[in-house]
Amino acid sequence: MPRIDGRSADQLRPVEFVLDIAPHANASVLIAFGNTRVICAATIQDEVPRWMKVQGVQGGWLTAEYSMLPYSTLDRKDRDSTRGRPDGRSIEIQRLIGRSLRAVVDLKKLGSRTLCIDCDVLQADGGTRTAAITGACVAAAIAFNRLLEKGKITQQPLKKKVAAISVGLWNNEALLDLCYEEDAKADVDSNIVLTEDGDFVEIQGSGEEATFTQAQLDQMLVLGRKGVAELAALQQTIIESAMKPAAATDLKKLADFFGKK
């Protein structure tokens, strides 16, 4: 059965990256999963949280924040500052991003520093949390490489890459990387976080007024592994490209990026 956008059941949406979109961060990437677009920035601070000092915890720390900009959805979304606090969904997602990155980062190799990951959704069309995790890993890897180049650290803190993808069941068919319209109609919606070598970091899954079988779960896991393997290869390519001399991001490149549908 053809999907809404014509993809096959096991096909990712087009995935693209624009590097150094936020020049004041140590590293940043604008990542697109189809029409979902997220800026992921990595900023390294030469300090650790107070609780680490009090408890005598060695090494560094990694934390993440996630937000959807007001114009990222069809109906304008109020800023967290307007409401006075982040909504429950944003808190849940930023904790997921932090857990996903901490699972693959050796914080002792970071030294007494804090890596702050900021993920801001520019346009939401399903899979914002999976795009955020995938882009955040790229930003973290590039930031660490730049610390190594400057001699501020002597070992790479990133043990392996991590990426995430959505899978779901729609009309009893397992689908990879759901867009918003598919996600809204799905009988089952799941998000799978995996390392580049296939180890699980986290699985989120629930039936939307439906149940699912072990066999269907297995189908979704197979799709998730395929999707993350493809994402890991794309991550590696963009991380390597960041270490080569290149011109700064220009407005034409961004205009071409956003002009794609």
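Residues numbered from 1 in each chain as written. Predicted model: local features only at pLDDT ≥ 70, side-chain atom pairs only at ≥ 80, totals over all residues. Heavy atoms only, no water.

In the nomenclature of an unreviewed UniProt entry, the protein chain corresponds to Ribonuclease PH from the organism Brevifollis gellanilyticus. What UniProt states about the protein chain under its Sequence similarities (unreviewed entry) heading is, verbatim, "Belongs to the RNase PH family." Among the UniProt annotations of the protein chain, the heading Subunit (unreviewed entry) holds the following wording: "Homohexameric ring arranged as a trimer of dimers." (UniProt positions renumbered as here; feature names shortened; annotations may be inferred.)

Feature annotation in UniProt places "binding site: phosphate" (unreviewed entry) on Arg-89, Gly-127, Thr-128 and Arg-129, given in this structure's numbering. A maximum C-alpha distance of 13.3 Å is found for the annotated residues, which run over 41 residues; spatially they form one tight group. Excluding its chain neighbours within four sequence positions, the residues that come into contact with Thr-128 are Thr-36, Val-38, Tyr-66, Arg-89 and Val-121. Structurally, the position occupied by Arg-129 is in helix 4 (residues 128-149). When its relative accessible area of 14% is taken as the criterion, Arg-129 is described as buried. (Contact = heavy atoms within 4.5 Å. Helix = DSSP H or I, 4+ residues; strand = E, 2+ residues; numbered from the N terminus. Buried < 20%, exposed > 50% of the residue type's maximum accessible area, 1.4 Å probe, protein only.)

Look at the UniProt record and you will see "domain: Exoribonuclease phosphorolytic" (unreviewed entry) annotated at residues 11-141 and 162-226. A helix fraction of 30% and a strand fraction of 31% characterise residues 11-141, whose end C-alpha atoms lie 26 Å from each other.

Next up on the list: the side chain of Arg-13. Its place among the elements puts Arg-13 in the segment before strand 1 (15-19). Under the relative-accessibility criterion, Arg-13 is labelled buried at 4%. Within the structure, Arg-13 has its side chain in polar contact with the backbone oxygen of Phe-33 (distance 3.4 Å). Polar contacts involving the side chain of Arg-13 include one to the main-chain carbonyl oxygen of Gly-126, which spans 3.0 Å. With residues near it in sequence (within four places) discarded, Arg-13 still touches Asp-5, Arg-7, Phe-33, Gly-34, Thr-36, Asp-125, Gly-126, Gly-127, Asp-177, Leu-178 and Cys-179. (Polar contact = N/O pair within 3.5 Å; in protein donor to acceptor, adjacent residues only side chain to side chain.)

Contact geometry for helix 4 and helix 6 (residues 214-242): axes closest at 10 Å, N-to-C directions at 30°. The chirality of how helix 4 crosses helix 6 is right-handed. Residues Thr-134, Cys-137, Val-138, Ala-141, Ile-142, Asn-145 and Arg-146 of helix 4 form the contact with helix 6, whose own contacting residues are Leu-231, Gln-235, Ile-238, Ile-239 and Ala-242. Broken down by class, the residue content of the contact of helix 4 with helix 6 amounts to eight nonpolar, three polar and one charged. (Axes fitted to C-alpha atoms, helices over the stretch in contact; angles between N-to-C directions. Left-handed = near helix turned anticlockwise from the far one by under 90°. Nonpolar A, V, L, I, M, F, W, Y, C, P; charged D, E, K, R; others polar.)

On to helix 3 (residues 88-102), then. Spanning 15 residues, helix 3 covers 21 Å between terminal C-alpha atoms, matching the ideal 21 Å at 1.5 Å per step. Regarding helix 3, the residues found buried are Ser-90, Ile-93, Gln-94, Leu-96, Ile-97, Gly-98, Ser-100 and Leu-101. In this fold, the buried residues of helix 3 make contact with strand 4 (61-68), strand 5 (114-123), helix 4, strand 6 (162-170), strand 8 (188-195) and strand 9 (200-207). (Expected span 1.5 Å × (residues − 1).)

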